[in-house]
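So the chains spell out like this:
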Amino acid sequence: MNDTGDGVRPTGERAYRDGTGTFHPPQRRVEDGRRQRVGRTVEVDACVIGSGAGGAPVAKELAEGGMRVAVLEEGDWWETEQFNARPREMMPQLYRDAGQVVTLGTPPIVLPLGRAVGGTTVVNSGTCFRTPGPVLELWRREFGLEALGEAELEPYFRRVERILNVSQVPPALAGRNAEVVRRGAERLGLSGDYLYRNVRGCVGTGVCAYGCPTGAKQHVGITYLPRAWAAGAVTYASTRAERLDMAGNQVRGVIARAAGGGTLRVRCPRVILSCGTIHTPLFLRRQGIGGASGQLARNLSIHPATGVRAGFDERIDQWDGVPQSYYVDALADEGIMLEGAAGPPDYLAMSTPHTGPEHRETMLRARTLASFGVMVSDSSRGRVVRAPGRGRGGALVRYDLDDADTARFKRGIELLCDIYWAAGAREVVLPIAGLPTLHDGDSGPLRRARVRARDLTLMAFHPLGTARAGADPARAVVDPGLAVHGVRGLYVSDGSVVPSSLGVNPQITIMALATRLAFALLGAPAPAGEPAPEHMARPAIHRAHAAVGG
Amino acid sequence: MSARPSATATAGPSARVPGLGRREAAIFLSFADTVLAPRPPLPAVADTDALAAFARFLGASPGPNRIALRAGLRALDAGPRALGFRRGLCALAPERRLAYVQRLQAGPLAGPVKALVGLAAVSYYGDDRVMGLLGYDADARLARARELREREGRW
């Protein structure tokens, strides 16, 4: 595959399907914390806490730039061959708290977070969008993030997309679940397209969210971290950062606890916190750092989402093909995106909103069920607090869905019903308590209903904003360079710095910001010569709709 | 490094499951049978590895969740008496059990009951035989994945 020769990077079917070209480092530099029972000290130039979308790119770029880098990761390292295509078995092992993180509020919202080397990128759907331009403009206007324009971020986006081989799902791999939605959307004249994803050699195994067993999904554990190892970085897996070592307002290192019981002391002049949007603010709070603005652990947006099922008279087998392969952006300017949400039977059963014989009958029709998601760019805001009795790692997430977001859900679900009917569905199962299954093209019961937040069954996959970036220390936790205001040598690189809801899946935004941070720490100019992608997703977002909080 | 997920095993109502007492196991099976209502061609809950899977979920849960889930099971069993059903969940006839659970789902305990229904559903429908009946073959996917990894030098 020609990545750089003519300055254009292919993003079509061949790039998507070609499974060759995996990067293998000469040495896997992963140290297993389960085996560390005694204390030890290492000295590096930078310590990255967390190995997900925010941490791994920083580690790779810093290591390749000549720094000695240590990456601390609370989760385990997983070989691809350990992924067994069984959601029920993988969920307790790859997800934090066995996938049982749930927000407190109305309604309770399941918030799955990855916990492994590679972070949530190991278990996400692999969907890739750049930060929408209007959102960047909102950040400039509201938070003084002048240097984060589309043009300024372009080289970083290109670099991330090249390393992850971001390319477009070909129709043949999109699955029949996407096909029926595409068919319905086209009949209604609604805008949509096949998604772009970070894959190399995808065959549509259908279990992206439970560890890709083909090694096709290019999560950061098999892309960025191996390149970091090749440049000398070491990942300390099963090792939890406990606290910072500070001298006044200057970072001197990190004290961590390995799962085997030993203490790991990392001496370094700079620390990059990448614990994720839920845990980074709690880590900072434990150190008594980052709270001056009053915004730490607040301003949480999560992109709440729900799934809507539809029964067809044709075979769907939603577990065949890419689970999230198509999107409809007809309402994107209102903060509503429709994206695929398919999965194997156990995943389907878990969220089937029925009980007793009705549950059984729904599951017996599983092969003819389609499942698609409604994702809302939320104006609601939540916060994170430490969970009493849960030690250092416990978090409580408080979040109430506001009326505007509730209305967005109703509108999005109505549109998805229209799409299903247009595609030939004979019934639609709603994720709304008190409403019956819809039949025969009649969305009347839904349209007439007064839907309340507490009636909705929701999940959320994109927590953002709890240590938001901004030029004004009175309104932001980190500065535009992602340094914690008022602290020397401490940076944040994860979803927590993203100051508003995005309206699109955030991994590319987080990785581009992480890459930019690394180049800044190296004192290097933006990367030159990165190939332009042949094509890239252009969702129809023409204005930022998200609230920005206090 | 992390161990491969342990092999699943069928656990009948009298089986001992690590992390779950006999009484709790019986309540889970009764509850799962009520909310999932499997009938042929689907096997009975007790004839699958759902109970062992549920116990693994409990084992991987954070302490407060684990305590709440176990207490929730006990409360499910005791609850019918408080609501005038005169017997515990396990001793009720199937249609009475369903009526009881649906009453809970309509009240202030709807959230916790929904969580337990979800766990019961994923525990049961994740059984290889049940997934196979619905058309999903995990092993076939793994075989293809292994072949691709070996042929193309993937991770």
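Residues numbered from 1 in each chain as written. Chains lettered and ligands numbered in written order. Predicted model: local features only at pLDDT ≥ 70, side-chain atom pairs only at ≥ 80, totals over all residues. Heavy atoms only, no water.

1. A closer look at the sheet that holds strand β4 (residues 46-49) of chain A
All names here are of chain A.
Link 1 in the chain: Here we have 6 strands laid out as an open sheet, ordered β2-β10-β5-β4-β14-β24, and parallel in their pairing. Each of the sheet's edge strands pairs with one partner strand only, and the pair in question is β2 (30-32) and β24 (490-492). Put simply, the sheet's adjacent strands are angled 20° from each other on average, direction ignored.
Link 2 in the chain: The pairing of β2 with strand β10 (residues 234-237) spans 3 bridges and is parallel. (Pairing = 2+ DSSP bridges. Helix = DSSP H or I, 4+ residues; strand = E, 2+ residues; numbered from the N terminus. Axes fitted to C-alpha atoms, helices over the stretch in contact; angles between N-to-C directions.)

2. Concerning the pattern of salt bridges
All names here are of chain A.
Link 1 in the chain: Under the criterion given, the structure shown has 51 salt bridges over all chains.
Link 2 in the chain: Between K60 and E64 there is a salt bridge whose closest N-O contact spans 3.0 Å. Of the two residues, K60 and E64 both sit in helix α2 (residues 55-64), 4 residues apart, roughly one turn of that helix.
Link 3 in the chain: Residue E64 is classed as partly exposed on the basis of its relative accessible area of 43%.
Link 4 in the chain: For E186, the salt bridge goes to R182, with nearest N and O atoms at 2.7 Å. In this pair, E186 and R182 both sit in helix α6 (residues 175-187), 4 residues apart, roughly one turn of the helix.
Link 5 in the chain: The buried category is assigned to R182, whose relative accessible area is 17%. (Salt bridge = Lys/Arg side-chain N within 4 Å of Asp/Glu carboxyl O. Buried < 20%, exposed > 50% of the residue type's maximum accessible area, 1.4 Å probe, protein only.)

3. Some details on the side chain of T223(A)
Link 1 in the chain: In this fold, T223(A) is placed in the loop between β9 (196-198) and α7 (224-230).
Link 2 in the chain: When sequence neighbours within four positions are dropped, the list of residues in contact with T223(A) reads I163(A), L164(A) and Q218(A). (Contact = heavy atoms within 4.5 Å.)

4. Considerations on the interface of chain B and chain A
Link 1 in the chain: Between chain B and chain A, the residue contacts involve 55 residues of the former and 61 residues of the latter.
Link 2 in the chain: Summed over both partners, the interface of chain B with chain A comes to about 4,900 Å²; 59% of that surface belongs to carbon and sulfur atoms.
Link 3 in the chain: Between D128(B) and R86(A) there is a salt bridge, and its shortest N-O distance comes to 2.8 Å.
Link 4 in the chain: Summed over the shared surface of chain B and chain A, the result is 23 residue pairs in polar contact (both at pLDDT 80 or more). (Buried area = accessible area lost by both parts, 1.4 Å probe. Polar contact = N/O pair within 3.5 Å; in protein donor to acceptor, adjacent residues only side chain to side chain.)

5. Brief notes about the nonpolar core
Residue and element names in this part refer to chain A.
Link 1 in the chain: L72, V266 and L490 are the most contacted members of the largest nonpolar core, which has 98 residues in total.
Link 2 in the chain: Here this core takes 10 residues from helix α13 (residues 507-522), the largest share from any one element.
Link 3 in the chain: Leaving out residues up to four positions away in the same chain, L72 has contacts with C47, V48, I49, G50, S51, Y236, T239, A241, V254, A256, L264 and V266. (Core = buried A, V, L, I, M, F, W, Y, C linked by side-chain atoms within 4.5 Å.)

6. A word on the layout of surface pockets
Residues and elements named next belong to chain A.
Link 1 in the chain: When its volume is computed, the second largest pocket comes out at roughly 320 Å³.
Link 2 in the chain: Residue lining of the second largest pocket: 22 residues in total, with R34, E74, D76, R115 and R240 positioned closest to the centre.
Link 3 in the chain: Taken together, the elements giving at least two residues each to the lining of the second largest pocket come down to α3 (87-94), β11 (239-247) and β12 (250-258).
Link 4 in the chain: Element by element, the count of residues in the lining of the second largest pocket is highest for β11, at 3 residues.
Link 5 in the chain: Here the lining of the second largest pocket is composed, by residue class, of 8 nonpolar, 4 polar and 10 charged. (1 Å grid on protein atoms, 1.4 Å probe; cavity = no way out; pocket = protein on both sides within 12 Å on 5 of 7 lines; lining within 4 Å. Points joined across faces, edges and corners; volume = space filled by probe spheres on them. Nonpolar A, V, L, I, M, F, W, Y, C, P; charged D, E, K, R; others polar.)

7. Remarks on the packing of aromatic side chains
All names here are of chain A.
Link 1 in the chain: If you walk through the whole model with that rule in mind, you get 13 aromatic pairs over all chains.
Link 2 in the chain: Between Y156 and F519, the aromatic rings sit 5.9 Å apart at their centres with planes inclined by 75°, giving edge-to-face as the arrangement. Note that Y156 is positioned in helix α5 (residues 150-164) and F519 in helix α13, a separation of 363 residues in sequence. Across the pair, F519 and Y156 agree in class, each one buried. (Phe/Tyr/Trp six-rings, centres within 6.5 Å; stacked < 30°, edge-to-face > 60°.)

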